Amino acid sequence: MANRMWGGRFATGPAAVMEEINVSIEFDKKLYAQDIRGSQAHARMLVARGIVAPEDGDKILAGLDTILSEIESGAFTFKRELEDIHMNVEARLAELIGPTAGRLHTARSRNDQVATDFRLWVRDTVDHIATQLLDLQLAFAEKAKAHAGVVMPGFTHLQTAQPVTFGHHMLAYVEMFGRDRSRFADARVRMDECPLGAAALAGTSFPIDRHMTAAALGFARPTANSLDTVSDRDFALEAMAAASIAATHLSRFAEELVIWSSAQFQFVKLSDAFTSGSSIMPQKRNPDAAELVRAKTGRIIGGMTALMVVMKGLPLAYQKDMQEDKEQTFDVLESLSLAIAATAGMVRDLEPNVAVLRKAAGSGYSTATDLADWLVRVLGIPFRDAHHVTGRIVAIAAERGITLDKVPLADMQSVHAGITEAVFEVLGVVNSVRSRTSYGGTAPANVSRQARSWLARLAREAARA
């Protein structure tokens, strides 16, 4: 049986495999709310412009309201033979109000219709993700404020480098996720244009008002070129690119949680709420939530790459290849949303092991730079010479298996006679972090001030959202 939506051009129905590859209703039914919103805006515009009679417009709007209620209540039957969400809604509208339903598709195409629906969904989801990222920043800022003075090792190359504070480490992620929010906000500005009215690819001869439909759907303006409009998926790619960077940040923190919560590190503890056990080893507490966040990142980056490859060879304008845009975008943005929620939960759940962190902060001669800086600041030695002197003192400590602050003054003076008892004031990890008072540094006073500033800023932004 031919699809009745195609009119007289097709005499027979599609082959079974054609139907299988062509059908999209299983996934694009997710767009039902956006599809109905777009159709309602289009119908009101057609009436306002005298293209459709008011009584027909009223029937169409009432029918669309009924369909929305049916879908949300679970009473709606989606039909594979109708291919997609647009045809399913249109067919049901015809069942409800008869031939008048056919007037709804005046001056539009499935091409601009799907572009509108999809853009609305991405925009709605980006708004939700932005709210989640703000909450994630709050979680990190709260943790930073609570542990502004807790000393821990800072790492480069995953080797102990210099002491930092736990709060400072938490604030690093506040900055990262702030940039992520900024990227999503920037992408949203560019996606805030309405495709509706571009029709198949060339616009329409009907006297439509695209500014009216754009305003009705909350867009800043209509798109300016009909060819670009129906063939553009930049809005999805930009959202996915921002999602990929955000997921990378989530994964970096997840990796740290996996390491920090291990028996070898014991830097932090996660409760039962975000860990799981082993089917055979009763002692295990596995950081499964962190591991799954880390894994989601590969899935998210893969989805963005897949759509890039789909789009890279498409001439203008619309091609059926673009049906492959939605599953990846849905999966990428929903996976990111889940990963953000899990990470916010873990941040609020975790507790730092203060004693272990402080002990680890002093390992690996982490205050060696403080010694070199003291030699420069107090004795006026050029830094490169101070670096050499410090290296020789570290070698003494390593040979004896002691920390820098335990090296006798006489042994230090054997390397450089000018060293005095005052040097020990900078060799402890607490004094080390307190001394890092430069803007953006790890000093507890800095961290407390930055955490309070972020919390106040985020509260203001949440109130405006």
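Residues numbered from 1 in each chain as written. Predicted model: local features only at pLDDT ≥ 70, side-chain atom pairs only at ≥ 80, totals over all residues. Heavy atoms only, no water.

Caption draft 1: A look at the overall build of the chain. Summing up its helical and strand segments, the chain has 18 helices and 6 strands in all. The C-alpha atoms of the chain give 31 Å as radius of gyration, which overshoots the globular expectation for 465 residues (23 Å, by more than 25%). Along the three orthogonal principal directions, the C-alpha set of the chain runs to about 100 × 50 × 40 Å. By sequence separation, contacts in the chain at least 24 residues apart represent 75% of the contacts at least 6 residues apart. Total accessible area on the chain is roughly 21800 Å²; 55% of this is exposed by carbon and sulfur atoms. Measuring between centres, the 51 positive side-chain charges of the chain sit 5 Å from its 54 negative side-chain charges. (Helix = DSSP H or I, 4+ residues; strand = E, 2+ residues; numbered from the N terminus. Rg over C-alpha atoms; globule rule 2.2 N^0.38 Å. Contact = heavy atoms within 4.5 Å. Areas by Shrake-Rupley, 256 points an atom, 1.4 Å probe, with all protein chains shown as cover. Lys, Arg positive; Asp, Glu negative; His and termini not counted. Charge placed at Lys NZ, Arg CZ, Asp CG, Glu CD.)

Caption draft 2: Structural detail: helix H13 (residues 354-361). Every buried residue of H13 is accounted for by Leu-357, Ala-360 and Ala-361. One side of H13 holds all its buried residues, which, seen down the axis, span an arc of 105 degrees. Across H13 from its buried face, at more than 90 degrees, point the exposed residues Ala-355 and Lys-359. As for H13, its buried residues are in contact with strand S1 (151-156), strand S2 (159-165), helix H7 (166-191), strand S6 (351-352) and helix H17 (429-435). (Buried < 20%, exposed > 50% of the residue type's maximum accessible area, 1.4 Å probe, protein only. Arc of directions from axis to C-beta.)

Caption draft 3: Region of interest: the environment of Arg-434. Residue position: Arg-434 is located in helix H17. For the pair Arg-434 and His-416, spaced 18 residues apart in sequence, the C-alpha separation works out to 26 Å.

Caption draft 4: Examining the layout of surface pockets more closely. Estimates place the volume of the second largest pocket at around 410 Å³. Phe-155, His-169, Tyr-173, Arg-252 and Glu-256 are the residues nearest the centre of the second largest pocket, which is lined by 19 residues in total. Counted by class, the lining of the second largest pocket contains 10 nonpolar, 6 polar and 3 charged residues. (1 Å grid on protein atoms, 1.4 Å probe; cavity = no way out; pocket = protein on both sides within 12 Å on 5 of 7 lines; lining within 4 Å. Points joined across faces, edges and corners; volume = space filled by probe spheres on them. Nonpolar A, V, L, I, M, F, W, Y, C, P; charged D, E, K, R; others polar.)

Caption draft 5: Main features of the environment of Thr-160. Here Thr-160 lies in strand S2. In sequence terms Thr-160 and Gly-362 are 202 residues apart; their C-alpha atoms lie 8.7 Å from each other. Separated by 3.5 Å, the side chains of Thr-160 and Ser-363 make a polar contact. (Polar contact = N/O pair within 3.5 Å; in protein donor to acceptor, adjacent residues only side chain to side chain.)

Caption draft 6: Examining the pairing of S1 more closely. Across 6 bridges, S1 lies against S2 in antiparallel orientation. Of the residues in S2, the one forming a bridge with Val-151 is Thr-165. Counted between consecutive antiparallel strands, the loop separating S1 from S2 contains 2 residues, among which His-157 sits at a positive phi close to 60 degrees. (Pairing = 2+ DSSP bridges.)

Caption draft 7: Spatial organisation of empty space enclosed by the protein. By the definition in use, this model includes 1 cavity of 30 Å³ or more. In this structure, the largest cavity spans a volume of roughly 30 Å³. For the largest cavity, the full set of lining residues is Asp-35, Ser-39, His-86, Val-89, Glu-90, Leu-93, Leu-104, Arg-108 and Gln-113. Of all the elements in the fold, those that place two or more residues in the lining of the largest cavity are helix H3 (32-48) and helix H5 (85-97). The class makeup of the residues in the lining of the largest cavity is 3 nonpolar, 3 polar and 3 charged.

Caption draft 8: Structural view of the nonpolar core. The biggest cluster of nonpolar side chains holds 87 residues, and the ones touching the most others in it are Val-122, Leu-136, Phe-140, Phe-166, Phe-184 and Leu-336. Per-element tally for this core: the top contributor is helix H10 (residues 234-260), with 15 residues. Setting aside its immediate chain neighbours within four residues, Phe-184 contacts Val-126, Ile-129, Leu-133, Ala-239, Ala-242, Ala-243, Ala-246 and Leu-336. Residues Trp-374, Val-389, Val-394 and Ala-397 belong to the second largest nonpolar core, which totals 20 residues. (Core = buried A, V, L, I, M, F, W, Y, C linked by side-chain atoms within 4.5 Å.)

Caption draft 9: Molecular detail of unusual backbone geometry. Residues Leu-316 and Ala-317 are joined by a peptide bond in cis, for which omega reads 10 degrees. Inspection of the secondary structure puts Ala-317 in the loop between helix H11 (288-311) and helix H12 (326-349). For Ala-107, which is not glycine, the phi dihedral falls at a positive 65 degrees. Along the chain, Ala-107 turns up in the loop between H5 and helix H6 (110-146).

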